[in-house]
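Each chain, letter by letter, is given below.
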Protein chains: 2
Amino acid sequence: MLTRTQGDARRYATLSDPFPMWRGGVLHGARIAYETWGALNTRRDNAILLFTGLSPPAHATSSPQDPSPGWWEGMLGTGLALDSSRYYIICVNSLGSCFGSTGPASEDPATGAPYRLSFPDLSVEDIARAGYETVRSLGIERLDTVMGPSLGGMVALAYTALFPGAARRLLCISGTQAASPFAIALRSIQREAITSDPAWRGGNYPPDAPPLTGQRIARKLGTVTYRSAAEWQQRFGREPIRSDMASRDPFSSEFAVQGYLEALAQRFVRGFDANCYLYISRSMDRFELARHGAPVELFRRAGLESALVIGVVSDLLFPLAEQEAIARDLTTAGVATRFTPLPCIEGHDAFLVDLASFGRAIGGFL
Amino acid sequence: MLTRTQGDARRYATLSDPFPMWRGGVLHGARIAYETWGALNTRRDNAILLFTGLSPPAHATSSPQDPSPGWWEGMLGTGLALDSSRYYIICVNSLGSCFGSTGPASEDPATGAPYRLSFPDLSVEDIARAGYETVRSLGIERLDTVMGPSLGGMVALAYTALFPGAARRLLCISGTQAASPFAIALRSIQREAITSDPAWRGGNYPPDAPPLTGQRIARKLGTVTYRSAAEWQQRFGREPIRSDMASRDPFSSEFAVQGYLEALAQRFVRGFDANCYLYISRSMDRFELARHGAPVELFRRAGLESALVIGVVSDLLFPLAEQEAIARDLTTAGVATRFTPLPCIEGHDAFLVDLASFGRAIGGFL
């Protein structure tokens, strides 16, 4: 779905066939798109697996093969917090997404048509397993670190629970062991905005006529939940909307913050498939680490040597208490754990914005 | 719009004709629905004017004429915080609403058809002026107290700015001098859910086919912003939805919190006109007390003897800092002001839920 004019650094891992889905069903001929930076050492023990949030592709940062900026540009590279001169860093596009990995927008080999809603139920556990198989396909037995922000943090937790011994260290950023009812409410309203758009057509929209209105509303609400009131007070206050974005439609946008939401939403909906959004969003509501056992027991048998858990005080969607609980359970399980609550004002998305604070915490741990 | 099987306690005040709207335009033959409790004393100085939040009618509490429960049942009555044995309490249905007061769903006398979007721009100031005229129509020169929660708190502030000397005391609950960009974002997404519903038809929906889907989404999001994450963690946790509310539709609700939102939304959209919602919601975004002058100067010349400002620590939509700012400006202006931050976990709606805490604060002041 993402058009690249400047090359493509993606590689593809073929998943086991059939690939068993955690809630039932299987995939045939599924694959994962990933990118790598740095080099695997001879002992094959310097690999970091990076899972993403809900929407990014595997392109975490620019490279000679793809010089376009990545979603974590500035965090990853030679001499940066995720130092590609020391580590072999693998970023995967999540199973269920639409940037090269198999998902609801992919072709079902059984029919030759896109899966759409015939794609089996997607779970955070499936995203973890697909990442695990990607790592194994690269000849890596044990990761130095499994990590991720947001959804990626949930996936990293699932990874340690499902594959004991598969990672030496855990780095969980703004993640949770289970979504709160508040987060579920906010995400389910986003999904309802999409499924209520007549253009969604029960998931059977033509590729050139997706449910853009519902997707725009969903993304705007998503953006609100990813940031914070304090940040917007600083950035926008009550500034009026830029005159070229104003309209004479009834109830059109009047404030700068509305223009910002609109611009972000327009950019997003052009790139992201609506059904993929629905599947991944729901997987976040459903995830519950405790389904696999008591978290302390899971962490005890995960074979982790150490862990870093980062949270942000202004995070509405994954509140700090949830990261605190992860760190507490890791500590109780005997894992040497550092808990770093950051005072950033950018909310859940702070890991994308305050690279200095996050870079210090991550670089210091690694 | 509200059907009452058990009588109707509403009375009506006729507004000046023409009634000038603050942003331009006039209304002809406009009226305000209100209810009263208690008796006006001979000095006519024991009246309390109560403005409501976005959606309630004038029926704040039950009475012999209308024994159905009101929106603030338990707060108002003989011996209660708003003591009708001491005070003459007037609650108005806001101008622009649809429970008896003139609004976009009312008939335009010039055409005989509903105003719909031909209703002039509505401002918080217009709601204040309509309340003021209602009070004057009852032969009251000066209120003991002007008060309101949420939107009602904004209206009460506008009242003191527009009508110096018209109230001896101010009681502002979970209000603000100006909406934050965060609140604007959350409300504008609600409006967009309604205006994006094809059934809205540019405001020209038939009375029996309103834009229910958009209204339901809007109300769900509204409800999220009125409560708090901590409350829902306590109430719902990750409980599944009640089996009779579950559905086999793709992406249907799975958690109890989703069922709660759906039930509230269904109840709301049957009663509230979509265009009225749009008008009142936008008036809240636009309100800015400072348009009338520096707040400290406004409060200085408002003729207030004292004020109580209440806020709630868990309020997302009208955060505590905004009530703190009101209290600070009142104090600077020389008004004897009590600022009461309440530790309730119910968020913005706490005034409807935690009657004990609010009752103590309000009763203590009055």
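Below is a summary of the structure that appears in this document.

Analysis parameters
Residues numbered from 1 in each chain as written. Chains lettered and ligands numbered in written order. Predicted model: local features only at pLDDT ≥ 70, side-chain atom pairs only at ≥ 80, totals over all residues. Helix = DSSP H or I, 4+ residues; strand = E, 2+ residues; numbered from the N terminus. Buried ≥ 20, exposed ≤ 12 C-beta atoms within 10 Å, placed from the backbone. Contact = placed C-beta atoms within 7 Å. Pairing = 2+ DSSP bridges. Axes fitted to C-alpha atoms, helices over the stretch in contact; angles between N-to-C directions.

**Digging into the environment of Ile89 of chain B**
Residues and elements named next belong to chain B. In this fold, Ile89 is placed in strand β8 (residues 88–92). Ile89 sits in the buried class, given 24 other C-beta atoms within 10 Å. With 45 residues separating them along the chain, Ile89 and Arg44 place their C-alpha atoms 12 Å apart. Apart from residues lying up to four places away in sequence, Ile89 is in contact with Thr36, Trp37, Gly38, Ile48, Leu50, Leu76, Leu82 and Ser84.

**Focus on unusual backbone geometry**
The step from Asp17 of chain A to Pro18 of chain A runs through a cis peptide bond, and the omega angle for that step is 5°. Following the sequence through the fold, Pro18 of chain A ends up in the loop between β1 (11–14) and β2 (19–20). In this model, Arg116 of chain B sits at a positive phi of 50°, which is unusual for a non-glycine residue. Mapped onto the elements, Arg116 of chain B comes out in the loop between β8 and α1 (124–137). If you check the backbone angles, Ser174 of chain B has positive phi at about 50° while not being a glycine. Within the fold, Ser174 of chain B resides in the loop between β10 (167–173) and α3 (181–195). Under the C-beta neighbour-count criterion, Ser174 of chain B is labelled buried, with 31 such atoms within 10 Å.

**Regarding the sheet that holds strand β12 (residues 336–342) of chain B**
Residue and element names in this part refer to chain B. Read across the open sheet, the 8 strands follow the order β1-β4-β8-β5-β9-β10-β11-β12; overall the sheet is mixed. Bordering the open sheet on either side are β1 (11–14) and β12, each of which pairs with just one other strand. Neighbour to neighbour, the strand axes of the sheet diverge by 20° on average, direction disregarded. Bridge count between β10 and strand β11 (residues 306–312): 5 bridges; the pairing is parallel. Residue pairing for β11: Arg169 is matched across the bridge by Ser306. Packing against the sheet, helix α2 (residues 151–162) makes contact with β9 (143–149) and β10, and its axis sits at approximately 145° to β9.

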